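# Structure assessment
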Amino acid sequence: QVQLVESGGGLVQPGGSLRLSCAASGILFSANTMGWYRQAPGKERELVARITSGGTTNYPDSVKGRFTISRDNAKNMVYLQMNSLKPEDTSVYYCNAVRSIYNHWGQGTQVTVSS
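Summarised in this report is the structure supplied together with it. (Residues numbered from 1 in each chain as written. Predicted model: local features only at pLDDT ≥ 70, side-chain atom pairs only at ≥ 80, totals over all residues. Heavy atoms only, no water.)

## Let's talk about the layout of surface pockets
Looking at the largest pocket, its volume works out to about 160 Å³. Residue lining of the largest pocket: 13 residues in total, with Arg38, Lys43, Glu46, Glu88 and Asp89 positioned closest to the centre. Looking at the lining of the largest pocket residue by residue, the class counts come to one nonpolar, four polar and eight charged. (1 Å grid on protein atoms, 1.4 Å probe; cavity = no way out; pocket = protein on both sides within 12 Å on 5 of 7 lines; lining within 4 Å. Points joined across faces, edges and corners; volume = space filled by probe spheres on them. Nonpolar A, V, L, I, M, F, W, Y, C, P; charged D, E, K, R; others polar.)

This is the structure we're talking about:
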């Protein structure tokens, strides 16, 4: 019943931009904190952006100023705008939803930054 489906990944050159989307269903979307995480081969999964039900955002220093998370509660959608992409941003990006004891993950979408 719960589904988080990411889209928008692909191949982009360094300095380029990409916009990821996550469509949520089966959850009370407006009450969830939504996040984007990434995991590259051999590395741990790391937070790249978070937005609370109230609209407060958080970013690690590695992406601050380059990435922007946003949400559209009417459409049950969360987005990640990625600008000034670097090769080290290459990873599988995952959508996450958290509320109370509930924690859900999408299947991931590949982002590759390479020339």
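## A closer look at the nonpolar core
By size, the foremost hydrophobic cluster in this structure holds 26 residues, and its most contacted members are Met34, Trp36, Ile69, Val78, Leu80, Met82 and Tyr93. Counting residues per element, the ones that place at least two in this core are β3 (18-25), β4 (33-39), β5 (46-51), β7 (67-72), β8 (77-82), β9 (91-99) and β11 (109-113). At four residues, the largest contribution of residues to this core is made by β3. Leu80 has contacts with Leu18, Arg19, Leu20, Trp36, Val48, Ala49, Phe67, Thr68, Ile69 and Tyr93, leaving out every residue within four places of it along the chain. (Core = buried A, V, L, I, M, F, W, Y, C linked by side-chain atoms within 4.5 Å. Buried < 20%, exposed > 50% of the residue type's maximum accessible area, 1.4 Å probe, protein only. Helix = DSSP H or I, 4+ residues; strand = E, 2+ residues; numbered from the N terminus. Contact = heavy atoms within 4.5 Å.)

## Some words on the side chain of Ser21
Structurally, Ser21 is set in strand β3. Excluding residues within four positions of it along the chain, Ser21 makes contact with Val5, Glu6, Ser7, Trp36, Met77, Val78 and Tyr79.

## Considerations on the state of the cysteines
With the rule as written, the count across this model stands at one disulfide. Sulfur-sulfur distance for the disulfide between Cys22 and Cys95 comes to 2.1 Å. An S-S torsion of about -85° defines the bridge between Cys22 and Cys95 as left-handed. One end of the pair, Cys22, is in strand β3; the other, Cys95, is in strand β9, with 73 residues separating them in the sequence. Among the residues examined, Cys22 registers a relative accessible area of 1% and is labelled buried. (Disulfide = S-S within 2.5 Å.)

## Examining the sheet that holds β3
Taking strand neighbours across the sheet as the criterion, the four strands line up as β1-β3-β8-β7 in an open arrangement whose pairing is antiparallel. If you trace the sheet from one side to the other, it starts and ends with β1 (3-7) and β7, each paired once. Direction aside, neighbouring strands of the sheet carry axes that sit 15° apart on average. As paired elements, β1 and β3 share five bridges and run antiparallel to each other. In the sheet register, Val5 faces β3, and the bridge partner there is Ala23. (Pairing = 2+ DSSP bridges. Axes fitted to C-alpha atoms, helices over the stretch in contact; angles between N-to-C directions.)

## Concerning the pattern of salt bridges
Per the stated rule, a full pass over the model turns up four salt bridges. A salt bridge links Glu46 to Arg38; the shortest N-O distance between them is 2.8 Å. A relative accessible area of 30% places Glu46 in the partly exposed class. A salt bridge links Asp61 to Lys64, with the nearest nitrogen and oxygen atoms 3.5 Å apart. When its relative accessible area of 67% is taken as the criterion, Asp61 is described as exposed. (Salt bridge = Lys/Arg side-chain N within 4 Å of Asp/Glu carboxyl O.)

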